[in-house]
There are 2 protein chains.
Amino acid sequence: MQLYSMKQAVNPQRVRIFAAEKGIALDIIEIDIPGGENLSETYLKINPRGLLPALVLDDGTVLTETVAICRYLESLFPEPNLLGSTAKEQALIEMRQREMEFDGLLPISWIFRNTAAHFKTRPQPGAVPDMEQLPGMAARGQVLTSVWLDRLNECLGQHSYVAGERFTIADITAFCGLGFARWVKISVPDGHTHTKRWLAEMLQRPASKA
Amino acid sequence: MQLYSMKQAVNPQRVRIFAAEKGIALDIIEIDIPGGENLSETYLKINPRGLLPALVLDDGTVLTETVAICRYLESLFPEPNLLGSTAKEQALIEMRQREMEFDGLLPISWIFRNTAAHFKTRPQPGAVPDMEQLPGMAARGQVLTSVWLDRLNECLGQHSYVAGERFTIADITAFCGLGFARWVKISVPDGHTHTKRWLAEMLQRPASKA
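A quick note: this is a predicted structure, and the numbers were derived from the prediction, not measured.

Q: I keep staring at the pairing of strand β2 (residues 27-30) of chain B and nothing clicks. Help me out?
A: Here is the key point about a regular strand: its side chains alternate between the two faces of the sheet. Residues and elements named next belong to chain B. As defined by bridge partners, strand β1 (residues 2-5) adjoins β2 across 4 bridges and the pair is classed as parallel. Note that in β2 the partner of tyrosine 4 across the bridge is isoleucine 29. For the crossover from β1 across helix α1 (residues 10-21) to β2, the handedness is right-handed.

As C-alpha cells, then:
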C-alpha cells in the first residue's frame, strides 16, 4: 500500500501515526502542497479533489479521507484496537474523534490557510478555484480554537485519554491538532494542566514521531 | 432511545432518515434552534456543545455527532446495511460520506449561518461565543457549493448512487445537503441530469420524509 503524504501536513500525519501505532509499514510518497504538487495533473489523477492523504491499495483502489483510511487499516490490522470494540465504545470514540476534527482541526485550518503567505490565493485546501484570504475567518478560527483548547483540557481532566481510559484515534486527532496549532503560534495555555499531562505522555509514544 | 432533534435541521434529519431506512422507531424530542433552546441550561446538560442531534441511550449515555449515532444504530440494527460490509466497501462509503459533509454540508452551512437573520450574532452553531456574520465566508460557501454540485453530478454519472451501486449513508448526506441548499436558494443546476435522476429516486423512498 502506498500513502501519498506530506511530512508537515496534519491529515497525512494522522494516518502515519495511526499506522505506526499498529506497526504497519506504509510506502510513503511525499507530495509538496505549498509548491502546488497536490494540484498537478499527475496527483489529480490519483485524487481529483487534490487533497492528502490518499492510500493506494494493491488492486489500484484509491482511498482518501483520513478517517476512512484509518478504518480500512483497522479492519486489516485489528490490534491494537483504536476505533472501539463494542457498539457503544465505537460510537463514543467516533463522537470524540469528530469533536476534535470539527472543533479543533477545522478552525485551526481557517487560521492557517487565511494567513499563510504560501496560500494567499489558495485559502481552501484542494482543487477548488483561487480565492482571497479572509482575515475575519482567521479571527473566527482563533476564537473557536480557544474554545476547543478549554474543552480539551476539561475533557482530559475527566478521563486519562480523549475518549476514555485508553488511547484511541481521538487522541491522535487531538495530538495532531495541537501540533497544527503551533504552526499558527498557538500553544497549550499555561493553566491547562490536564492537557499538558496528556501531551507529555503522547510525546513519549514512539508513533508520535511518524 | 430518545433523539433530540429539530424537524428542519440538516443533521438531525440525517439521523432520522438513517433510522427510518432501518425501520427503527426513535422517541423524538423537538428542540428549537433559532429560538436558542439548544443553548438553554437544560439542553447543555445533555450536550455541552449545544449541537443537535443527540441520542440518549436507555442507560443514560449521550451520543452526539450524526455519524457516530448512525454507526451505533447500524451496530444494533445491521439490516439494511448502510455503512458497508467488507473493509474496502466500508472505507469507500465513509470516504464518500465525508466528501458530502466537507464539500457540501459545510460550505452550505457557511452561507446559511452567515446570512440568516436569526443567526446574526450566532454564525457558528452550538455553544460558542457570539460573533459577527462574515459575508465573505458566505460568498466562499457559494463558490465551494458550486464545486460540490458539479462533482456530485459527475459522481452520479459514474454510478447509480453516491458511493457505488447501492443506497448508503453517503446518499443520505448528499440528499440532506441538497435540502439544506434550498434554504439558501440553491437548487440543482438545470444541466445536472445525473443528480436530477438520483434525486427523483431519493424522493420516492418513504424514509426521505423522516
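Let us keep going from here.
Q: Would you explain the pairing of β1(B) in this entry?
A: Bridge count for β1(B) against strand β3 (residues 54-56) of chain B is 3 bridges, and the pairing is antiparallel. Among the inter-strand pairings, Gln2(B) is bridged to a residue of β3(B), identified as Val56(B).

Q: Explain the sheet that holds strand β4 (residues 62-64) of chain B here, please?
A: The pairing of strands in a sheet comes from backbone hydrogen bonds and takes either a parallel or an antiparallel form. Residues and elements named next belong to chain B. Strand order across the open sheet formed by 4 strands is β2-β1-β3-β4, with mixed pairing between neighbours. The outermost strands of the open sheet, each flanked by one partner alone, are β2 and β4. Shown here is a sheet whose adjacent strand axes are inclined to one another by a mean of 25 degrees, direction ignored. Of the strand pairs in this sheet, β3 and β4 are connected by 3 bridges, and their pairing is antiparallel. Paired with leucine 55 across the two strands is leucine 63, which belongs to β4.

Q: Could you clarify how one ought to interpret the pattern of salt bridges in this entry?
A: Side chains that carry opposite charge are capable of pairing whenever their charged atoms lie near each other. Within this structure, the stated rule accounts for 28 salt bridges over all chains. Arg98(B) is paired through a salt bridge with Glu65(A); the nearest N and O atoms lie 2.9 Å apart. Of the two residues, Arg98(B) is situated in helix α4 (residues 87-113) and Glu65(A) in the loop between β4 (62-64) and α3 (66-76); the pairing between them involves two chains. Glu65(A) gets classed as buried once you look at its relative accessible area, which sits at 12%. Beyond isolated ion pairs, a larger network of salt bridges with shared partners links Arg14(A), Arg49(A), Glu65(A), Glu101(A), Arg96(B), Arg98(B), Glu99(B), Asp103(B) and Arg151(B).

Conventions adopted
- Residues numbered from 1 in each chain as written.
- Chains lettered and ligands numbered in written order.
- Predicted model: local features only at pLDDT ≥ 70, side-chain atom pairs only at ≥ 80, totals over all residues.
- Heavy atoms only, no water.
- Pairing = 2+ DSSP bridges.
- Helix = DSSP H or I, 4+ residues; strand = E, 2+ residues; numbered from the N terminus.
- Right-handed = clockwise from strand over helix to strand, strands pointing away.
- Axes fitted to C-alpha atoms, helices over the stretch in contact; angles between N-to-C directions.
- Salt bridge = Lys/Arg side-chain N within 4 Å of Asp/Glu carboxyl O.
- Buried < 20%, exposed > 50% of the residue type's maximum accessible area, 1.4 Å probe, protein only.

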